[in-house]
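Examining the three-dimensional arrangement
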Amino acid sequence: MDTTNEVKVQEEYIVKLKEINEGKKLKYNILTMGCQLNENDSEKLCGMLEKMGYTRTDDVKNSDIALFNTCCVRENAEDKLFGKLGELKRLKEEKGLIVAIGGCMMQEKHITDKIKESYPFVDILFGTHTLHRFPEDLYRAIEEKRKIEDVIDVDGEIYEGLPIKRDSKIKASVTIMNGCNNFCTYCIVPYVRGRERSRNPRSIIEEVKHLSEFGYKEITLLGQNVNSYLRVEKEKNNPFEEYEGVNSFATLLRAINKIDGIERIRFVSPHPKDFTDDVIDAISDCEKVCKLIHLPLQSGNTKVLKEMNRKYSKEQYLELVDKMKKEIPNLTLSTDIIVGFPGETDEEFEDTLDVARKVKFEQVYMFIYSRRVGTPGDRMPNQVPEEIKHKRFDRLKELVESQIEANNQKYVGTVQKVLVEGESKNNPNMLTGRTDSNKVVIFEGNKNLIGKIVSLKIVSEHMWYLKGEIDG
Ligand code: SAH
Ligand code: SF4
Ligand code: F3S
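Residues numbered from 1 in each chain as written. Chains lettered and ligands numbered in written order. Predicted model: local features only at pLDDT ≥ 70, side-chain atom pairs only at ≥ 80, totals over all residues. Heavy atoms only, no water.

Moving on, we get to the site of ligand 1. Of all residues adjacent to ligand 1, which total 15 residues, the nearest are Arg-74, Gln-224, Gln-298, Asp-336 and Ser-370. Side-chain polar atom of Arg-74 to an oxygen atom of ligand 1: 2.9 Å apart, as the coordinates give it. At 3.0 Å, a backbone N or O of Tyr-186 approaches a nitrogen atom of ligand 1. In isolation ligand 1 exposes 530 Å². Once the protein is present, 90% of that is buried. For the shell around ligand 1, the elements supplying multiple residues, two or more each, are β13 (332-339) and β14 (363-368). Looking at the shell around ligand 1 residue by residue, the classes come out as seven nonpolar, four polar and four charged. (Near = heavy atom within 4 Å. Polar contact = N/O pair within 3.5 Å; in protein donor to acceptor, adjacent residues only side chain to side chain. Areas by Shrake-Rupley, 256 points an atom, 1.4 Å probe, with all protein chains shown as cover. Helix = DSSP H or I, 4+ residues; strand = E, 2+ residues; numbered from the N terminus. Nonpolar A, V, L, I, M, F, W, Y, C, P; charged D, E, K, R; others polar.)

Put into structure tokens, the structure is as follows:
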């Protein structure tokens, strides 16, 4: 399919809408749920809307378009959307604003059916494979005054050159691949994002070069399984153009490391099963690649991991961590953990605590297992009762918080390189930034430091942030 032509078609809809909107001072409100990939998609939606002449407002009551970019990885995301839609009904009746819902949840038929039945005032439904067509969908909803449902179940192409309006001027996310082929048995993502497919190296490198020209300092590479970048293309013999030596994730890291102006490189999420030695070597060699690596564990028990289809054992995970710690000086690790996967026993959960104790993660994102319609996990007969899941969650939380406190102590008295991001939200007299290990540090300093990396002496620690002073 000719994606360039399709992007041109959408640009024409953007121009048409801009003409229609001329002088009307229209506003949009966007609510993004979900992961960084969704946030990056939202930046593209914002880019399109701003080109159509809309400006952003944080107050939905003032908006002419209410846009939701949804997530369905856990149940609470659904509850949140339906709550918000309930609140919107009156506003829609009073003001006639356009209501549009996109993203992962729209790829689930039982959800779009429910919306059409219970919230018939919604104007546009669009999925993950049709995001690029938002200008056309919006144009039709406005001009033809009809309801639009633009959801397809075919893996979307990768559309390059869509407008984008980024949230930050310092840190930028760059999606390097779409979809996922891993089918972890708890997870809905492969069903709503389709099969794994990588962007070509040239587009990624050019995007990062552009970002550096605009003054961006930190790049986060995004994908559901970043360390299998280009793997599917190689397996299927799908031709891709090697560009600046990039033909794998490791070579991508090396190429981006060479781009002047970029000072930090992060990536989420790699999969432990694909953490090959070339990636470890690249992290170790590339001075700009942050030494905080997110390494999703999910469970510390080999049997549960097998049931989850994670393709590594407790021992393999720990061996990988040991190897990485040996090869990469100053390595710190963060992780994702799910408690209460079907069939998980108390003893099996102990293994998760055991791994957490051994690895001493810098940060742990903890989740209570949530049944997802259509996944193998949902069909497993031995679901864990809610109260047991919550008890396990509380135990894990207690362990993790005590580890974070102990770990924070280690920072006090050290000097850390901090990328200054802006004024602190809670205290505008202070600046805020992050260490290489992604810890928030607040400190007093001149605003001209924003966007720079400064050396800060850490003077005190607080659960979720550190306090620093300019060193020297
Ligand atoms: N591709 C990434 C992240 C996917 S979603 C990875 O493999 O690491 C982010 C996290 O949500 C997952 O790592 C997992 O910990 C959690 N998650 C996914 N499905 C879930 C479910 N059904 N219930 C609870 N947590 C879930
Ligand atoms: Fe979901 Fe597993 Fe794919 Fe991550 S790797 S998106 S957890 S199926
Ligand atoms: Fe959610 Fe979709 Fe991301 S389901 S976690 S927004 S890929």
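Further remarks concern the packing of aromatic side chains. With the rule as written, the count across this model stands at nine aromatic pairs. Where Phe-183 meets Tyr-191, the ring centres are 5.4 Å apart and the plane angle is 80°; that geometry is what we call edge-to-face. By relative accessible area, Phe-183 is classed as partly exposed at 29%. The exposure class assigned to Tyr-191 is partly exposed, which follows from its relative accessible area of 34%. Both rings, one in Tyr-312 and one in Tyr-317, keep their centres 5.9 Å apart while their planes meet at 40°; by these two values the pair is tilted. One exposure class covers both Tyr-312 and Tyr-317, and it is buried. (Phe/Tyr/Trp six-rings, centres within 6.5 Å; stacked < 30°, edge-to-face > 60°. Buried < 20%, exposed > 50% of the residue type's maximum accessible area, 1.4 Å probe, protein only.)

Turning to the site of ligand 2, a few remarks are in order. In the neighbourhood of ligand 2, the contacting residues comprise Cys-180, Asn-182, Phe-183, Cys-184, Tyr-186, Cys-187, Val-189, Pro-190, Gln-224, His-271 and Arg-310. The residue inventory of the shell around ligand 2, partitioned by class, reads seven nonpolar, three polar and one charged.

On to the domain arrangement of the protein, then. With domains assigned, the protein is organised as domain 1 (4-150), domain 2 (171-404) and domain 3 (415-470). A C-alpha centroid distance of 27 Å is found between domain 2 and domain 3. Of the roughly 1200 Å² buried between domain 2 and domain 3 on both sides combined, carbon and sulfur atoms contribute 52%. Our enumeration of links across domain 2 and domain 3 arrives at seven residue pairs in polar contact (both at pLDDT 80 or more). Per-class residue counts for the side of domain 2 that touches domain 3 are three nonpolar, two polar and nine charged. (Domains from an automatic or database assignment. Buried area = accessible area lost by both parts, 1.4 Å probe.)

Contact geometry for helix α2 (residues 36-51) and helix α5 (residues 134-143): axes closest at 10 Å, N-to-C directions at 50°. When the axis of α2 is compared with that of α5, the two are oblique. You can see that α2 and α5 cross each other, and the crossing is right-handed. Residues Leu-45, Met-48 and Leu-49 of α2 lie in contact with α5, whose contacting residues are Phe-134, Pro-135 and Leu-138. Each residue belonging to the contact of α2 with α5 can be placed in one class, and the counts come to six nonpolar, no polar and no charged. (Axes fitted to C-alpha atoms, helices over the stretch in contact; angles between N-to-C directions. Parallel < 35°, antiparallel > 145°, perpendicular 65-115°, else oblique. Left-handed = near helix turned anticlockwise from the far one by under 90°. Contact = heavy atoms within 4.5 Å.)

This part is about the side chain of Thr-375. By the element assignment, Thr-375 lies in the loop between β14 and α14 (376-379). By relative accessible area, Thr-375 is classed as buried at 0%. In this view, Thr-375 contacts Thr-185, Tyr-186, Cys-187, Ile-188 and Tyr-191; residues no more than four positions away in its chain are not counted.

What follows covers unusual backbone geometry. Across the junction of Val-268 and Ser-269, the peptide omega takes the value -15°, indicating a cis bond. Within the secondary structure, Ser-269 is located in the loop between β11 (264-268) and α10 (277-285). If you check the backbone angles, Gln-298 has positive phi at about 70° while not being a glycine. Following the sequence through the fold, Gln-298 ends up in the loop between β12 (292-294) and α11 (302-307). Judged by its relative accessible area of 7%, Gln-298 falls in the buried class. Positive phi outside glycine occurs at Asn-309, with the angle close to 65°.

Now for the sheet that holds β12. Strand order in the open sheet formed by three strands is β12-β13-β14, with parallel pairing between adjacent strands. Whereas interior strands pair on both sides, the edge strands pair on one side only; in this sheet they are β12 and β14. Strand-to-strand twist of the sheet, defined as the mean angle between neighbouring strand axes without regard to direction, takes the value 15°. Bridge analysis of β13 against β14 gives six bridges, and the strand direction is parallel. Within β14, the position partnered with Thr-335 by the bridge is Val-364. Lying over the sheet, helix α15 (residues 386-411) contacts β13 and β14, oriented at roughly 175° with respect to β14. (Pairing = 2+ DSSP bridges.)

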